[in-house]
Amino acid sequence: MKERGRFITFEGGEGSGKSTQIRALADLLTHHGIACLHTREPGGSVGAEKIRALIVRGKTCDWDVVSEYLLLSAARRDHLVRTIRPALESGTWVVCDRYMDSSRVYQGLRGLDNAFMEEVYAQISQSLEPDLTFVLDVDPRVGLTRAAARQDAENRFEKMGSAFHAQVREAFKDLARENPARCVLVNADQDVHALTKIIMAEIESRFLQKRDAPCPSTHA
Ligand code: TYD
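So, here is what we can say about the structure in this document. Bear in mind that the values here come from a model prediction, so they are computed numbers and not experimental data. (Residues numbered from 1 in each chain as written. Predicted model: local features only at pLDDT ≥ 70, side-chain atom pairs only at ≥ 80, totals over all residues. Heavy atoms only, no water.)

Moving on, we come to the overall build of the protein. Helices and strands together make up the secondary structure of the protein, namely eight helices and five strands. When its helices and strands are written in sequence order, the protein yields β-α-β-α-α-β-α-α-β-α-α-β-α. Principal-axis analysis of the C-alpha atoms gives the protein an extent of 70 × 40 × 30 Å. Looking at the protein as a whole, 47% of its 220 residues qualify as buried. (Helix = DSSP H or I, 4+ residues; strand = E, 2+ residues; numbered from the N terminus. Buried < 20%, exposed > 50% of the residue type's maximum accessible area, 1.4 Å probe, protein only.)

This part covers the site of the ligand. Taken together, 17 residues sit near the ligand, with Glu14, Arg52, Arg98, Ser103 and Gln107 positioned nearest. Arginine 52 has a polar side-chain atom sitting 2.8 Å from an oxygen atom of the ligand. Here an oxygen atom of the ligand and a side-chain polar atom of serine 103 are 2.6 Å apart. The protein chains hide 93% of the 550 Å² of surface that the ligand would expose on its own. Mapped by element, the contributors of at least two residues to the shell around the ligand are α2 (46-56), α3 (65-89) and α4 (100-109). Among the elements that make up the shell around the ligand, the one with the highest residue count is α4 (four residues). Here the shell around the ligand is composed, by residue class, of five nonpolar, four polar and eight charged. (Near = heavy atom within 4 Å. Polar contact = N/O pair within 3.5 Å; in protein donor to acceptor, adjacent residues only side chain to side chain. Areas by Shrake-Rupley, 256 points an atom, 1.4 Å probe, with all protein chains shown as cover. Nonpolar A, V, L, I, M, F, W, Y, C, P; charged D, E, K, R; others polar.)

Once that is clear, we can look at the sheet that holds strand β5 (residues 183-187). Spatial strand order, β2-β3-β1-β4-β5: five strands in an open sheet with parallel pairing. Each edge of the open sheet is held by one strand with a lone partner, namely β2 (36-40) and β5. Taken over all neighbouring pairs, the strand axes of this sheet differ in orientation by 20° on average, direction set aside. Helix-sheet contacts for helix α1 (residues 18-31) involve β1 (7-12), β2, β3 (93-97) and β4 (132-137), and the interaxial angle to β3 is about 170°. (Pairing = 2+ DSSP bridges. Axes fitted to C-alpha atoms, helices over the stretch in contact; angles between N-to-C directions. Contact = heavy atoms within 4.5 Å.)

Right, let's talk about the environment of methionine 160 for a bit. Tracing the backbone through its elements, the reader meets methionine 160 in the loop between α6 (140-149) and α7 (162-178). Note: C-alpha distance between methionine 160 and lysine 59 (101 residues apart in sequence) is 9.6 Å. Not counting residues within four places of it along the chain, the set of residues in contact with methionine 160 comprises Thr60, Arg110 and His165.

On to the nonpolar core. Within the largest apolar cluster, 21 residues are counted, with the highest numbers of intra-cluster contacts made by Ile8, Phe10, Leu25, Leu29, Trp93, Phe134 and Ile203. Among the elements of the structure, β1, α1, β3, β4, β5 and α8 (192-212) are those that each provide at least two residues to this core. One finds Leu71, Tyr106, Ala171 and Phe172 within the second-largest nonpolar core, a separate group that totals 19 residues. (Core = buried A, V, L, I, M, F, W, Y, C linked by side-chain atoms within 4.5 Å.)

In short, geometric facts, not functional conclusions.
Have a look at this one:
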């Protein structure tokens, strides 16, 4: 039976450079001969991309936090069933731009009950957690400036204000500290290539060394 693929997520505030790092990582993994799927949330499947447009565009007040989380969960369920699980089961690694930790942080800060959130998540996912999560930490003033430069309409969360985004930063740091086995907190305010090296070194030490280890000698 084929070995299950690894599930790696990238988290962090707005404009923390996740997409650039994910692209670099996907290229490096492909170079190592590892089949790799680059995906994102909200989105990552046909249905989830349709739901994404409802969540990330428009006015901040368009949804209350319960509706917002249920929309995110519907998108997440579709993404899991149609994209993530089939890929992992076929041995493909999945590298995902945001996942459930973003709900824990963003919807958590918007006041959603934690127990409700985890219960819904357990039901839709059978409690799947990533094998590894990189939390990219950057000053939200830097991140929001970068995000605003994109000038796209997907800015519903960007508009939630600088105080909210300062809390997002702290909540991601707390989450990383509370889950040290799964999460690696990295300073994203540094040279892009230096950061890619740190990320790849972590992947190599966790997952690739065993895989690449030479076969034990059969000679006595
Ligand atoms: P994304 O396009 O990745 O934003 P960015 O590129 O600026 O990091 O994600 C869109 C927004 O969706 C982002 O502002 C955070 C929000 N979001 C949540 O609030 N909860 C979630 O569970 C997810 C996946 C995203």
